[in-house]
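# Secondary and tertiary structure notes
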Number of protein chains: 2
Amino acid sequence: MPDNANTEFNVTTGALPGSEKIFVRSENRDDVRVPMREIHLHPSANEVPVRVYDTSGPYTDPKAKIDIYEGLPEMRKQWILERGDVEEYEGREVKPEDNGNASEKYLAPEFPVKKTPLRAKEGMNVTQMHYARKGIITPEMEFVAVRENLGRKAQAEKLEREGESFGANIPDYITPEFVREEIATGRAVLVNNVNHPESEPMIIGRNFLVKINANIGNSAVSSSISEEVDKMVWATRWGADTVMDLSTGRNIHNTREWIIRNSPVPIGTVPIYQALEKVDGIAEDLTWEIYRDTLIEQCEQGVDYFTIHAGVRLPFIHLTAKRVTGIVSRGGSIMAKWCLAHHKESFLYTHFEEICEILKKYDVAFSLGDGFRPGSIADANDEAQFAELRTLGELTKIAWEHDVQVFIEGPGHVPMNKIKVNMEEQLKHCHEAPFYTLGPLTTDIAPGYDHITSAIGAAQIGWYGTAMLCYVTPKEHLGLPDRNDVKEGVITYKLAAHAADLAKGHPASQIRDDALSRARYEFRWEDQFNLSLDPERARDFHDQTLPKEAHKVAHFCSMCGPKFCSMKITQEVRDYAAQKEEAETGMKQMSEEFKKLGSELYLPAEKIDAAE
Amino acid sequence: MPDNANTEFNVTTGALPGSEKIFVRSENRDDVRVPMREIHLHPSANEVPVRVYDTSGPYTDPKAKIDIYEGLPEMRKQWILERGDVEEYEGREVKPEDNGNASEKYLAPEFPVKKTPLRAKEGMNVTQMHYARKGIITPEMEFVAVRENLGRKAQAEKLEREGESFGANIPDYITPEFVREEIATGRAVLVNNVNHPESEPMIIGRNFLVKINANIGNSAVSSSISEEVDKMVWATRWGADTVMDLSTGRNIHNTREWIIRNSPVPIGTVPIYQALEKVDGIAEDLTWEIYRDTLIEQCEQGVDYFTIHAGVRLPFIHLTAKRVTGIVSRGGSIMAKWCLAHHKESFLYTHFEEICEILKKYDVAFSLGDGFRPGSIADANDEAQFAELRTLGELTKIAWEHDVQVFIEGPGHVPMNKIKVNMEEQLKHCHEAPFYTLGPLTTDIAPGYDHITSAIGAAQIGWYGTAMLCYVTPKEHLGLPDRNDVKEGVITYKLAAHAADLAKGHPASQIRDDALSRARYEFRWEDQFNLSLDPERARDFHDQTLPKEAHKVAHFCSMCGPKFCSMKITQEVRDYAAQKEEAETGMKQMSEEFKKLGSELYLPAEKIDAAE
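## Topic: the interface of chain A and chain B
- The partner chain B presents 123 residues to the 123 residues of chain A that form the contact.
- Together chain A and chain B conceal approximately 10400 Å² of surface at their shared face, both sides included; 66% is due to carbon and sulfur atoms.
- Area buried by chain A at its contact with chain B is led by Ile-445, Tyr-449 and Leu-478 of chain A, which between them contribute 8% of it.
- Summed over the shared surface of chain A and chain B, the number is 2 salt bridges.
- Our count for the chain A to chain B interface comes out at 23 residue pairs in polar contact (both at pLDDT 80 or more).
- Within the side of chain A that touches chain B, the residues separate by chemical class into 57 nonpolar, 38 polar and 28 charged.

See below:
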């Protein structure tokens, strides 16, 4: 059996340490039950559990039955059907070229359950933007409102706001009406194909929590279906808000089906990748008809958003000629090649309204691709990049005329001093449609560490207003990410997104930092591990220096050792400050007290050894 | 034999891949030979080698004889002696408490070569600042000027300046006179104890390249001398500009001697750590006399800069009482405890002028410590922190009256929106003395990834003007860094410092990025590996997906595979643009040409397989 047929699944399930899956019901609808994760703290903390955003779906719910061969429950199906504007229909037949003409032993198995696709009834438009503009608050919007709040109301005293949000308009409390309005204006996207009812609604917009995307996908060179499904589950376990399937080579269709049916988060793709496979990798053989057919194929499967490089226009291509790294976007270069070969305007641009007509039947969102994104510091912010950005702004307006949801992709490789203008130009030319950037990488000299070169840029651009950050793994520029790289990339981007939320002054975003800092200060090691983005690594690193169980309740750590500890001093300072407030007298006497107190703070070394 | 006595050294030596150690002679002095690393590129690149800053000392010089038991050659000794202002003297006797009263099998071996210390002759002042203010350009300054330029003159066309430097004054070309002036004003520090003549001069200041520091040091809990020497050599191999020895516990004196004698970079310490060991860990038993004696002990050994928490003043201590994490600086909490126990002003503050008198005899620089740095996002930028910062500014003025060099330590844990004001306040209150920050960490929720949470902050504050960034390793808050953590921390901070240099518009800083990007674009894999900060990891990651040797000359990579490659398209775009310029006619015909060209670009899959 070839690798591609490997369907022995072994995805990671079970709760994260110290965590419990809870469901928060909307005040307005009983059937809107939003999953969250509560991290329980040690009783000595005397604190309420910390509630965190949970992207992991049923996989972390011990009560859920997980069967990859069946897919996840269709949690949104009823909401979609009850609106009465969709119909089941006999979908497009799967063709051999959908799987790169793989046959027999090379053909990956089909997903065992056949789904009949839905689409809008004739004349109908089923996008969340369409409903929002009609004033309708959908259950999906209710879901998102509950999800974004994370129980902020209960912790109203934590709402103190201090950040700098660069003109974002983040309310103290997210109402369903606020969600509706943000979607109606195009400032936010609720991305949810009617054919992916397994996904849990989430929102992308600069007035909400900053989101992250993880890329997975097999390539012509390596990887199998089970690996990709595993990576998807693994990425969402650690916090990926959406996943892009960037598969190339054979078996794209079948691989994608397994992924979508099992994904609790929206799935994005770059349809031109599959279209290219259908013409055997010869870009100039691409046609609008092949591309269109690929869009429908993927709409029916349930892809939630499409990267479409419709801004790669013939008149801009020569602007990249003097670049150090030319065109590095795969989709961008495919279209550039096509335009040059035919000396014609891109069919993505000329057929843009037809694409809108398709997308609004399924509620697939545009992720307008930046085919001219800079691939090196040298090429950042050049005219090719900005000419394309302005075009994406024009296309945004057209999509919005169809009530099709849009977000805009951004760079790439950009030195820190050139990051902010990217955000400003995007807001200006793309009418506040959400920005979705790859990094940006702030230097080119650290292959192997580009999750970090890019996290530096991502945190900044997230702070300035980017709504979703596309992760970069340590393997960027060098190879395909494996499971470990996926986790490293996701955690790195979660921390960057969170740093951005803090800096923006997102209400209540500091609750987790504060809880972890208190745990650290009070030597509640288990709480510190459990509150961290990667409890496994935190524990593992601690145990490398102080492996014994006794040390996890020890009131010291390996940095200072048992005899002296900075953190302990603070209690004395507090006592002092309290006394100082009470009376500014009797100082001499107090000094004696401190001496006494202090001597007791130091356990003799023997006692420590015995405790081990 | 206890661990501490392990002196079986196994430090890493030898050139980095594709690299050659060269020495650039100063135009003004024949005996100033500055080591640099040249990275040679593949002949097909037709490019000059890329010259990079080299902190690794003789260890990467294949011609150097390395003997840890002998120490490095005393490259600066002659320069120090020829000034005629120092004298050899019978140094302080090593006392049992210098090594924590370790005896017999617990006592780590002494360094085998005994050195007679130097100090300024009576009434003399041997600091670089003193010379600079007298208008003298020392060989050390000559060295630094050559070192900072990295052959910029030869690549004058690369000097195009684009950054935003926030008021820094970075010249196109560094002259010895510029170095002198920066030191004279206190804007830069050339840190070089006369008793550490093995070190290669380097400069810390915001008008120079951003530097990084790596912390090493054993603790009461673990680690041996050979491990610490290995970490020091390892850290400088990957780019540490200075190393701080933060050892605690026993054997501090002997461990430090091995480190200093073998270190090509300046060594910093926190003397209060050793002083505390001398009083058996009881902070309130510390006295000025014990501390003073420790300073002299370390001055004689050759420590180049001291972290001194002289801004932790009694009247400020109560300001930390309401913090989430109180006082987290070890030195700060030791002094706070002392002040409270005695209800007295800190002896570091009251004896500050006496400390200046000692330091100027050896040219040891102050690193004025931030004992009240915030240990959590919640505590950032509070009054305790800024009250201390203003005090450090007062103390800077006093040190400068003695011509003693000073830099200022900064936080800590700071959300992005509060970073910039740290730099601004520091510049304002500390009179442009160089800033030296730990991170800052931009969120508290990612233990195990704090090299990244902090690199985000470090890159930003470096851009704003911080002169040296103290690394944070993945083990921060969890345990002591091992060899791998040291490398991860150093590379992470090198890339952050470089991102800052790029953003500041440091002249010629983009040369390496551009060379690497061209190598990437032209599929010169070996060049791409060799130009990267971590050639080993870059190669290893590449080989995990495409291990075969043939792939390293292949004109494709694992991301797109052999059949389609973005980078290849660019050549076609260039041809197109060239033709477009020549004539805007004959377009139809050209389209045919492209079709032909394009088809040839795709090797059939069989050919690729055969090539493997």
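## Description of the packing of helix 16 (residues 483–504) of chain A against helix 15 (residues 450–464) of chain B
- Running from N to C, helix 16 of chain A and helix 15 of chain B point in directions that differ by 45°, and their axes come no closer than 10 Å. Judged on the interaxial angle alone, helix 15 of chain B and helix 16 of chain A are oblique. Crossing handedness for the pair helix 16 of chain A and helix 15 of chain B: right-handed. Within the contact between the two elements, helix 16 of chain A uses Thr-492, Leu-495 and Ala-496 of chain A and helix 15 of chain B uses Ile-452, Thr-453 and Ile-456 of chain B.
- Across the contact of helix 16 of chain A with helix 15 of chain B, the residue classes tally to 4 nonpolar, 2 polar and no charged.

## Side note on unusual backbone geometry
- Note the cis peptide between Gly-439 of chain A and Pro-440 of chain A, where omega equals 5°.
- One can find Pro-440 of chain A in the loop between strand 14 (435–438) and helix 15 (450–464).
- At Asp-403 of chain A, a position not held by glycine, the phi torsion is positive, near 60°.
- As for its position among the elements, Asp-403 of chain A is in the loop between helix 13 (383–401) and strand 13 (406–410).
- Phi is positive for Asn-381 of chain B, which is not a glycine, with a value near 55°.
- On the secondary structure map, Asn-381 of chain B appears in the loop between strand 12 (365–368) and helix 13 (383–401).

## Some thoughts on the sheet that holds strand 1 (residues 19–25) of chain A
Residues and elements named next belong to chain A.
- If you walk across this open sheet you meet the 3 strands as 1-2-3, and the pairing is antiparallel. One side of each edge strand has no neighbouring strand; the edge strands of this open sheet are strand 1 and strand 3 (50–53). Each neighbouring strand pair of the sheet contributes to a mean axis angle of 45°, computed without reference to strand direction.
- Of the strands in this sheet, strand 1, strand 2 (33–39) and strand 3 are in contact with helix 3 (residues 139–149), which crosses strand 2 at around 15°.
- Helix 17 (residues 511–521) contacts strand 2 and strand 3 of the sheet and is inclined by roughly 135° relative to strand 3.

About the criteria used
- Position numbers for residues count from 1 along each chain, tracking the sequence in the order it is written.
- To label them, take the chains in the order written and letter them from A, then take the ligands in the order written and number them from 1.
- With pLDDT at 70 or above as the cut-off, local features in this predicted model cover only qualifying residues; side-chain atom pairs require 80 or more to be listed or tallied, and sums for whole chains, interfaces and linings still use all residues.
- Based on all heavy atoms of the structure, the side-chain values leave hydrogens and waters out of the count.
- When checking whether two residues touch, look at their non-hydrogen atoms; a contact exists if any pair is within 4.5 Å.
- Accessible surface is computed with a 1.4 Å probe, and the buried area is the amount of it that two parts give up when combined, taken over both parts together.
- Put simply, a salt bridge is a Lys or Arg side-chain nitrogen that is within 4 Å of an Asp or Glu carboxyl oxygen.
- Polar contacts, as counted here, are pairs of nitrogen or oxygen atoms within 3.5 Å of one another; within protein the pair requires one atom able to donate a hydrogen and one able to accept it, and residues that are adjacent in sequence qualify only if both atoms are side-chain atoms.
- Any residue outside Ala, Val, Leu, Ile, Met, Phe, Trp, Tyr, Cys, Pro, Asp, Glu, Lys and Arg is labelled polar, Gly included; the first ten of those are nonpolar and the last four are charged.
- Note on geometry: axes are C-alpha line fits, over the in-contact stretch for helices, and angles between N-to-C directions span 0 to 180 degrees.
- Helix numbers and strand numbers start at the N terminus; a helix is a DSSP run of H or I with at least 4 residues, a strand a run of E with at least 2.
- In this scheme, roughly parallel covers angles under 35 degrees and roughly antiparallel covers those over 145, while 65 to 115 is roughly perpendicular and the rest are oblique.
- Take the far helix as the reference: if the near one is turned anticlockwise from it by less than a right angle, the crossing is left-handed, and if turned clockwise, right-handed.
- Strands qualify as paired when DSSP identifies two bridges or more between them.

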